[in-house]
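Report on the structure
If you want the building blocks of each chain, they are given just below.
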Amino acid sequence: MSEIVLELLDWFLQIIIDIFFREVSVRGSFNFPSSGPTIVVIAPHANQYLDAAISIHAAHMVSGRQIFMIEAASSYYSKWMGLWSRWSGAIPVERPQDYLKPAKGIVKYENYLEDELTIVGDGTEFTKDCEGGGLLGVPGGNVKIGEVISDTRLKLAASMKKQQGIDSLIKGTTFKTARRINNSDLFKKVFEELHSGKCIGIAPEGGSHDRPELMEFKPGVALMALGTVAKYSDTEISIVPCGLNYFHPNKFRSRAVVEYGTPIIVDQVWAREYKDNARKTVNKLMDEITSAMNIVTTQAPDYQTLQVVQAARRLYSYGRFERPPLPVVVEINRNLLTGYNKFKDHPRIQHLKNSVLAYNSKLRTFGLRDHQVETATNRRIRNFVLLTESVISLLFYSILSLPGTILFSPIFVACSIISKKKQKAALAKSVVKIKATDVLASWKVLIALFITPVCYFIYSTLGTYLIIINDLLPDFAKKYLGTLSIFCCCWAMLVGTTYSALKMGEVGMDIYKSIKPLFLSLVTSADELEQLKEERQKLSMEVTEVVNEFGPKVFKKFNEVYLKRSVEEVKMEQEEIKERSRSRSRSRSRSRSRSVSAPLSRTSSNLSGFSSFDGQNDTGKLPNLEHVSIFPDHLQLPDTKSISSSFENLQSLDSSSTGVEFNTLTDKIKQAVIQRNRENESNKQ
C-alpha cells in the first residue's frame, strides 16, 4: 500500500473517530514495535466495525504502521463495507456460518440422555448435504459436524451448549448446513505477509458482542505466529495485546482507551517446541495470549458487578490528587475488578456491594448522577439563578445548533431507525449477544457516511441554483466565481454548519444534563438532599478504607504514590506520542522496542486442526491448517455459565503470582525504552 493511500486512510479514520468519540486515549504505546512481523490481538470485540477503525488509527498514530485486519469474508465482499476493507488492505476469512442454507428433512438426537453427539434424520440426505468439518444449524445454535455416517445418521464434533438448540434437536427440527471451509490458502498468505514484516490485526473472539467479559479465543492467532516462525527460520513474531476499553461503546460522543500490553515474542525456540509438540505449544501460546489480554482489558462477570465497581471507583477518595486521566481510570477499574474477584466472598466486600447498589438506586430515584451529589447545595436562591442561567444558555446553544439540526435531521432519523433494525437482526441471529448494542455505533457511522454526502450534494445543488437564479452574488464575485466554485462554497458552508452544530449540541447537552438536578434541588426537601450527601460521604469513606486495606493484598505497590506515578506516566506518554508524530513527518522509522512477557495464567482452548492427533504419537506432527477455524464456527454460551474463564483468571495477575514487581521493573523498562527512542530519533535528525 502506498504512503499516500496510508495517509488518506488515516486522515479518513481520524475524522470518523473525532466525530463519533469525544476522547480516545492510548496507553502502552512504547510496547508497539516500529517494525518487523507483528500480530496485534484486539479484544474485546465490542464495536462491530469501529473496533478496526480505532485499532488501525491508534497503530498509525503511535508507530506510523498500517494494520492489515483479518476480516470476515462476508464483510470484505459486501457492496459498501467491502470498499473500505479492500482500501485498508484487509485479509478476508471465510466463515462456515455465512454459508448456511436449508437442507432436506428433519433432524433430532438419537438418544440425548446417553449420547449428545449422534444425530439421526428423517427424509435427510446427509451424504449429499453435509460433510465432516461442516456446520449443522438448528434454531438456537450452530455446531460443527464431526462425521457423516449415512444419509440418516451423523455425529457432531462437539455437544450443543445452548438449551434452545438442545430442545430443538430433542423434539426434531428443520436444519441448515454449511460446507467445510479450507483455510490453508489464508494461512499461506498470512505467513508470507508476516515474513515480509507486515503488521496483522485479529480479533480472536470472532464476532462482535456486548458481553462484559471476553469470549473464548480461537487458536488461529497462535497458529499464525507459530506457523510463520516454523516456516521461516529467519523470522520472529511480536504478538501485541491490544485492549479496547470503551465507557459507552454504542453512544455518540463517548470515550475510549486503547491499551497496548507487553509483546509476546515468538522466536525459533517456540518454533522448535511447535515442531516437536504442536498441540502443547499452541495451548501454551494461547495461555500467554489470554493472560496478556487480561492485563489490558476490563472484564466483569456481569453488568451489575461492573456498575458496582465503576461506582466504587467514583466514590474512592484520591486524597490531595485530582481525578486521574482516562487511561488511569481504566486501570483503576481493572484493579478494582481484580480485587473484587479475589475477595468477593468477604463480608466487608459483600456489605460494600449492597451499600453501593442501594446508593445507586437512590440516585436513580432523585434523577441525579454521582458527581452531581458532591456539588449539590440547598441554597435555593442560588440554585434558582443557576437554573435560569442554564435554561437561557440551553436556548442560546439550541438556536445556534438549530440550522444544522434541521438540515441534517434526515441523517439523525435514518441512523436511529436503521441501526435499531440492524440491532434486532443481529440479536435474532446471535445466541451470545445480550442486547446487540455492539452493532449500533458501527451502523450509525456507516449510515451517516452514506447519507451525509447525499444531503451535502442536494443542499449544495439547491443553494447554487437559488444563488444563481436570484442573482445573489455581488458584481465583483461574479467575475471570479463560476457555478462549480459556488457549489464548492455551499458545500464548505454545510461542513462548517455541521461542525458548529456538533460542538454546540455537545455543549448544550452538558447544560441540559445539569438542569434536572438543579430543578430537583428546588422541589426536593433540604433534609432529603442533605441525607443523600451524608450517605455519599460515609460510603466514600467506606470505599476508600476497603480499597486501601485490600488493595496492597492484590497489588503490593498500591498507594497514593502509585496513583501519582500512573498519572505522570500517562502525561509523559501523551507527550511522547506527540513527539513521535512530529518526528515521523521527517522520518517514518524508529527503533524497535520489545520485551518478553511471562505466562500469568492458564486457560484451556478448544483447538481445531488436530483431528488426526491421537495423543500418543503426536511428536513432530503439525496441525492440518485446512481444518482450522480462524473465527468461531458457532457463537454460543452455556445457559449457566460463560465458557470464557478470563474473569476468573484475573485474580492471578498480582505481583506475588508472577514474581515481578510491576511498579518498579515496568517503570524502568518504560523509561529505558522511551529514552532510547528519543536518542535514536535525535541521531536520525
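Here the structure is a predicted model, which means the values were calculated and not measured.

**Structural notes on a negative patch on the surface**
Taken together, the side chains of D527, E528, E530 and E534 make up a negatively charged region of the molecular surface. Structurally, D527 is set in helix α20 (residues 526–554).

**Quick notes on the nonpolar core**
If you look at the biggest cluster of nonpolar residues, it comprises 40 residues, and the most contacted ones within it are I39, I239, V266, L285 and I289. Each residue touching L285, except ones within four places of it in the same chain, is listed here: A222, A225, L226, I239, I264, V266 and W270. Counting 34 residues, the second largest nonpolar core, distinct from the first, contains V328, I332, F343 and I349.

**What about the pairing of strand β3 (residues 67–72)?**
As a general feature of sheets, a regular strand has side chains that alternate between the two faces. Of all six residues that make up β3, six are buried, and the element is covered over most of its length. The side-chain alternation of β3 yields two buried faces, one formed by I67, M69 and E71 and the other by F68, I70 and A72. Here three bridges tie β3 to strand β12 (residues 199–202), and the two strands are oriented parallel to one another. The residue of β12 that forms the bridge with I67 is C199. Alignment of β3 against strand β4 (residues 91–93), held across three bridges, turns out to be parallel. The residue bridging E71 from the neighbouring strand is P92, located in β4.

**What to know about the packing of helix α11 (residues 303–315) against helix α13 (residues 347–366)**
Between α11 and α13, the least distance of the axes is 10 Å, while the angle of their chain directions is 85°. Regarding the angle of α11 to α13, the classification is roughly perpendicular. Residue-level inspection shows Q304, T305, Q307, V308, A311 and L315 of α11 in contact with α13, the latter providing K353, V356, L357, Y359 and N360. In terms of residue class, the contact of α11 with α13 is built from six nonpolar, four polar and one charged.

**Considering the sheet that holds strand β7 (residues 115–122)**
Paired through backbone hydrogen bonds, the strands of a sheet run either parallel or antiparallel to each other. Pairing in this open sheet of seven strands is antiparallel, and the strands run β5-β11-β8-β9-β10-β7-β6 from one edge to the other. On the outer flanks of this sheet lie β5 (101–102) and β6 (106–111), each paired with one strand and no other. Bridge count between strand β8 (residues 135–138) and strand β11 (residues 176–178): three bridges; the pairing is antiparallel. Bridging from a neighbouring strand, L135 pairs with A178 of β11. Contacts from helix α6 (residues 163–171) reach β6, β7 and β8, with the element oriented near 90° to β6.

**Remarks on the environment of L462**
Looking at where L462 falls in the secondary structure, it is placed in helix α17 (residues 440–469). When the C-alpha positions of L462 and C490 are compared, they lie 9.3 Å apart, and in sequence the two are 28 residues distant.

**Brief notes about the UniProt feature "transmembrane region" (unreviewed entry) in the protein**
Mapped onto the present numbering, the UniProt feature "transmembrane region" (unreviewed entry) falls at residues 394–418, 439–468 and 480–502. Note that residues 394–418 is 96% helix and 0% strand, and that its end C-alpha atoms are spaced 29 Å apart.

**Here we look at helix α8 (residues 220–231)**
For α8, built from 12 residues, the straight-helix expectation of 16 Å at 1.5 Å per residue is met to within 8% by its first-to-last C-alpha distance of 16 Å. In terms of burial, α8 is a largely internal element, 11 of the 12 residues being buried. The set of residues buried in α8 consists of G220, V221, A222, L223, M224, A225, L226, G227, T228, V229 and A230.

**Considering the packing of aromatic side chains**
On inspection of all chains with the given rule, the structure shows 14 aromatic pairs. Taking the centre distance of 5.0 Å and the plane angle of 75° together, the rings of F32 and Y260 count as edge-to-face. Of the two residues, F32 sits in the loop between β1 (21–27) and β2 (38–43) while Y260 sits in strand β14 (residues 254–260), which places them 228 residues apart along the sequence. Judged by relative accessible area, which is 0%, F32 ranks as buried. Ring geometry for F408 versus Y459: centroids 6.2 Å apart, planes at 70°, classification edge-to-face. Placement of F408 in the loop between α15 (380–407) and α16 (409–429) and of Y459 in helix α17 is noted, with a sequence separation of 51 residues between them. A residue is classified by how much of its surface remains accessible, and Y459, at 23% relative accessible area, is partly exposed. Pairwise contacts between aromatic rings join F408, Y456, F457, Y459, F487 and W491 into one cluster. Across the ring face of F68, the terminal group of K198 is positioned such that the distance to the ring centre comes to 5.2 Å. Over the aromatic face of W443 sits the side chain of K422, whose NZ or CZ is 4.4 Å from the ring centroid.

**Looking at the pattern of salt bridges**
In total, this model carries 14 salt bridges according to the counting rule given. For the salt bridge of R27 with E331, the shortest nitrogen-to-oxygen distance reads 2.3 Å. Placement of the pair is R27 in strand β1 and E331 in helix α12 (residues 326–343), with a sequence separation of 304 residues. There is no split in this pair, since R27 and E331 are both buried. A salt bridge links E110 to R153; the nearest nitrogen and oxygen atoms lie 2.5 Å apart. With E110 in strand β6 and R153 in strand β10 (residues 153–156), this residue pair connects regions lying 43 residues apart in the sequence.

**Section: a nonpolar patch on the surface**
A contiguous nonpolar patch, built from I4, L8, W11, I15, I19 and F252 and spanning about 620 Å² of accessible area, is present on the exposed surface. Positionally, I15 belongs in helix α1 (residues 3–20). For I15, a relative accessible area of 34% gives the class partly exposed.

**Structural notes on the packing of α8 against helix α10 (residues 278–296)**
As a packed pair, α8 and α10 sit with axes 9 Å apart at the nearest point and diverge in direction by 115°. Every pair of crossing elements has a handedness; the one defined by α8 and α10 is right-handed. On the side of α8, the interface is formed by V221, A222, L223, A225 and L226, while α10 contributes T281, V282, L285, M286 and I289. For the contact of α8 with α10, a count of residues per class yields nine nonpolar, one polar and no charged.

**Overview of unusual backbone geometry**
With an omega of -5°, the peptide bond running from A43 to P44 counts as cis. Residue R253 is not a glycine yet carries a positive backbone phi of 65°. Inspection of the secondary structure assignment puts R253 in the loop between β13 (237–246) and β14. For R253, a relative accessible area of 12% puts it in the buried group. We note that D471 has phi near 50°; this positive angle belongs to a residue other than glycine. Tracing the chain through its elements places D471 in the loop between α17 and α18 (475–478).

About the thresholds
- Every chain is numbered on its own, with residues counted from 1 as its sequence reads.
- A pLDDT threshold of at least 70 governs which residues receive local features in this predicted model, and a stricter bar of 80 or more applies before side-chain atom pairs are shown or counted, although totals over entire chains, interfaces and linings include all residues.
- Just so you know, side-chain values use all the structure's heavy atoms and leave hydrogens and water out.
- Residues form patches when they are more than 30% accessible in relative terms and have no salt bridge. Like charges link within 9 Å. Nonpolar side chains (Val, Leu, Ile, Met, Phe, Trp, Tyr) link within 5 Å.
- A 1.4 Å probe and the Shrake-Rupley method give the accessible areas. Residues count as covered only by the protein chains that appear here.
- By convention in these notes, a salt bridge is any Lys or Arg side-chain nitrogen within 4 Å of a carboxyl oxygen on Asp or Glu.
- Here Asp and Glu are counted as negative and Lys and Arg as positive; His is not counted, and neither are the chain ends.
- For charged residues, the charge sits on one atom: NZ in Lys, CZ in Arg, CG in Asp, CD in Glu.
- Only DSSP runs of H or I reaching four residues or more are called helices, and only runs of E reaching two or more are called strands; each is numbered from the N terminus.
- Among the buried residues, those of types Ala, Val, Leu, Ile, Met, Phe, Trp, Tyr and Cys that are joined through side-chain atoms within 4.5 Å form a nonpolar core.
- When a residue's accessible area, from a 1.4 Å probe over protein chains only, is under 20% of the maximum for its type it is buried; when over 50% it is exposed; and in between it is partly exposed.
- Only heavy atoms matter for contacts: two residues are in contact if any of them lie within 4.5 Å across the pair.
- Following DSSP output, two strands are said to pair if at least two bridges run between them.
- Angles here are taken between N-to-C directions and fall from 0 to 180 degrees, while the axes themselves are lines fitted to C-alpha atoms, restricted in helices to the stretch in contact.
- Orientation labels follow simple angle bins: below 35 degrees gives roughly parallel, above 145 gives roughly antiparallel, 65 to 115 gives roughly perpendicular, and whatever is left gives oblique.
- In this count, Pro and Cys sit with the nonpolar residues alongside Ala, Val, Leu, Ile, Met, Phe, Trp and Tyr, while Asp, Glu, Lys and Arg are called charged and the others, Gly among them, polar.
- UniProt positions are given in the numbering used here, feature names are shortened, and annotations may be inferred rather than shown by experiment.
- Helix span, expected: 1.5 Å multiplied by one less than the number of residues in the helix.
- Under the pairing criterion, centres of Phe, Tyr and Trp rings, with the six-membered ring standing for Trp, must be within 6.5 Å; the plane angle then separates stacked pairs below 30 degrees from edge-to-face pairs above 60, leaving the rest tilted.
- For a ring to carry a charge above it, either NZ of a lysine or CZ of an arginine must fall within 6 Å of the ring centroid while also lying within 35 degrees of the normal to the ring plane.
- The handedness criterion is simple: a crossing whose near helix is rotated anticlockwise from the far helix by less than a right angle is left-handed, and one whose near helix is rotated clockwise is right-handed.

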